[in-house]
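# Secondary and tertiary structure notes
One-letter residues, chain by chain:
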Amino acid sequence: MKEAIIIENKALGADYFLISLKWALAPKVRPGQFVMLRVTGSMDPLLRRPFSVYNTDGDTVELLYKVVGKGTTILSSLNPGDDVDLLGPLGKGFSIPGGMLGKSRLLMVAGGVGIAPFYHLGRSIKDSDCDNLLIYGARTKRDTVVVKPFKDIGVKIKIATEDGSRGTKGLVTGLLESEMHCGDIVYACGPSLMLKAVAEMAEDKGVRCLVSLERAMACGIGVCLGCALRTVSHRPGRVLKDDRTYQMVCSDGPVFDSRDVDWDKI
Ligand SMILES: Cc1cc2nc3c(=O)[nH]c(=O)nc-3n(C[C@H](O)[C@H](O)[C@H](O)COP(=O)(O)OP(=O)(O)OC[C@H]3O[C@@H](n4cnc5c(N)ncnc54)[C@H](O)[C@@H]3O)c2cc1C
Ligand code: FES
């Protein structure tokens, strides 16, 4: 655990915020990793909340978050100069075939606030020779809060909104159907049902797919077993009856090969 000081906590509209924190461990964060943040020194809420790392710059870490409940409401009320405790960096993050400067074309698929881990990833591969594409699905135009930052780092972005107020009308998976050929590997983050659909599409097309999963988390470090994920792989994990395994989203993930996830139990 390491204390972090809030530099800025900026409202982006539609209940989204971008918080910048001065944090000594910021330079250690790899794309796709997350932190557990305690929003208050009091006992309520007691548990830290998990957030993907959106960006790092020197000793600054940025988190993109959406206000959905008590913890994030308190977080949104914090001010520059306030301190919070941060546990991390946690999880294994994204692996990239051939390394950050590899020749693979990355197709990133984000649903809502699931876009958060892709900025750090996009920045890390910005010198790649390949055209990397982000497909961003949101409810409405108001929810598409971080489009320009991606354009500024040279990531191509295509948008689908459910009401058609920005980009293509419909679900992100509709747009993905016509763009699947653009990627050698798919990275997806968002609601579970979206991830399941993306995983099925990738499997149909024979494209490798990595999914970043969300689970309610208590400890974030593989101790409480609260974030167990049923997998269908035979990789190291906790072997249970009927030859399947459980892995912990916090410490074995949050990024998994989509073929390893038991999507019927998600
Ligand atoms: C690895 C990981 C990375 C995450 N990254 C981000 C991020 O970058 N930005 C962001 O805004 N959120 C992210 N989340 C989700 C975030 O942790 C939750 O939104 C947050 O914990 C909610 O806290 P709360 O106290 O405001 O809501 P609560 O009062 O705890 O819950 C309010 C509502 O949100 C639902 N909820 C709570 N946690 C989750 C969850 N993990 N997934 C889906 N629904 C949930 C509850 O079921 C409830 O309906 C991430 C979660 C994980 C596991
Ligand atoms: S949150 Fe405790 S084991 Fe994952």
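Here we summarise the structure given alongside this text. (Residues numbered from 1 in each chain as written. Chains lettered and ligands numbered in written order. Predicted model: local features only at pLDDT ≥ 70, side-chain atom pairs only at ≥ 80, totals over all residues. Heavy atoms only, no water.)

On to the packing of aromatic side chains, then. Overall, the coordinates contain six aromatic pairs when judged by the stated rule. Taking the centre distance of 6.1 Å and the plane angle of 65 degrees together, the rings of phenylalanine 51 and tyrosine 65 count as edge-to-face. Taken together, the positions of phenylalanine 51 in strand 4 (residues 49-52) and tyrosine 65 in strand 6 (residues 60-66) put the pair 14 residues apart, joining distant regions of the chain. Neither residue differs from the other here; phenylalanine 51 and tyrosine 65 are each classed as buried. Three or more aromatic residues joined by ring pairs form one cluster here, namely Phe17, Phe51 and Tyr65. (Phe/Tyr/Trp six-rings, centres within 6.5 Å; stacked < 30°, edge-to-face > 60°. Helix = DSSP H or I, 4+ residues; strand = E, 2+ residues; numbered from the N terminus. Buried < 20%, exposed > 50% of the residue type's maximum accessible area, 1.4 Å probe, protein only.)

It is worth spelling out the layout of surface pockets at this point. Estimates place the volume of the largest pocket at around 1200 Å³. What lines the largest pocket is a set of 44 residues, among which Gly111, Val113, Gly114, Pro191 and Glu214 lie closest to the centre. Those elements that provide at least two residues to the lining of the largest pocket are strand 4, strand 6, helix 1 (70-76), helix 2 (116-124), strand 9 (133-138), helix 4 (172-179) and helix 5 (192-205). The greatest single-element share of the lining of the largest pocket, amounting to four residues, is contributed by strand 4. (1 Å grid on protein atoms, 1.4 Å probe; cavity = no way out; pocket = protein on both sides within 12 Å on 5 of 7 lines; lining within 4 Å. Points joined across faces, edges and corners; volume = space filled by probe spheres on them.)

This next bit is on the packing of helix 4 against helix 5. In contact at an axis separation of 10 Å, helix 4 and helix 5 are set at 15 degrees when each is read in the N-to-C sense. Classified by the interaxial angle, the pair formed by helix 4 and helix 5 is roughly parallel. For the crossing formed where helix 4 meets helix 5, the hand is right-handed. In contact with Val172, Thr173, Leu176 and Glu177 of helix 4, helix 5 contributes Met194, Ala197, Val198, Met201 and Lys205. Among the residues making up the contact of helix 4 with helix 5, the classes are represented as six nonpolar, one polar and two charged. (Axes fitted to C-alpha atoms, helices over the stretch in contact; angles between N-to-C directions. Parallel < 35°, antiparallel > 145°, perpendicular 65-115°, else oblique. Left-handed = near helix turned anticlockwise from the far one by under 90°. Contact = heavy atoms within 4.5 Å. Nonpolar A, V, L, I, M, F, W, Y, C, P; charged D, E, K, R; others polar.)

Turning next to the sheet that holds strand 13 (residues 208-212). Sheets are built from strands that pair by backbone hydrogen bonding, the pairs being arranged parallel or antiparallel. Ordered by their spatial adjacency, seven strands build an open sheet running 11-10-9-8-12-13-17, and the pairing between neighbours is mixed. Two strands in the sheet have a free side with no partner beyond their single neighbour: strand 11 (168-169) and strand 17 (255-257). Where strand 10 (residues 156-161) lies against strand 11, two bridges are found, and the strand directions are parallel. Along strand 11, the bridge assignment pairs threonine 161 with lysine 169. (Pairing = 2+ DSSP bridges.)

Take helix 5 next. In this model, helix 5 (14 residues) spans 20 Å end to end at C-alpha, consistent with the 20 Å of a helix rising 1.5 Å per residue. For helix 5, the set of buried residues is Met194, Leu195, Val198, Ala199, Met201 and Ala202. Taken end-on, helix 5 shows its buried residues confined to a sector of 165 degrees, consistent with a single buried face. What points out from helix 5, more than 90 degrees from its buried face, is the exposed set Leu193, Glu203 and Asp204. Positioned one or two residues after helix 5, glycine 206 has a phi angle of 70 degrees, which is positive. (Expected span 1.5 Å × (residues − 1). Arc of directions from axis to C-beta.)

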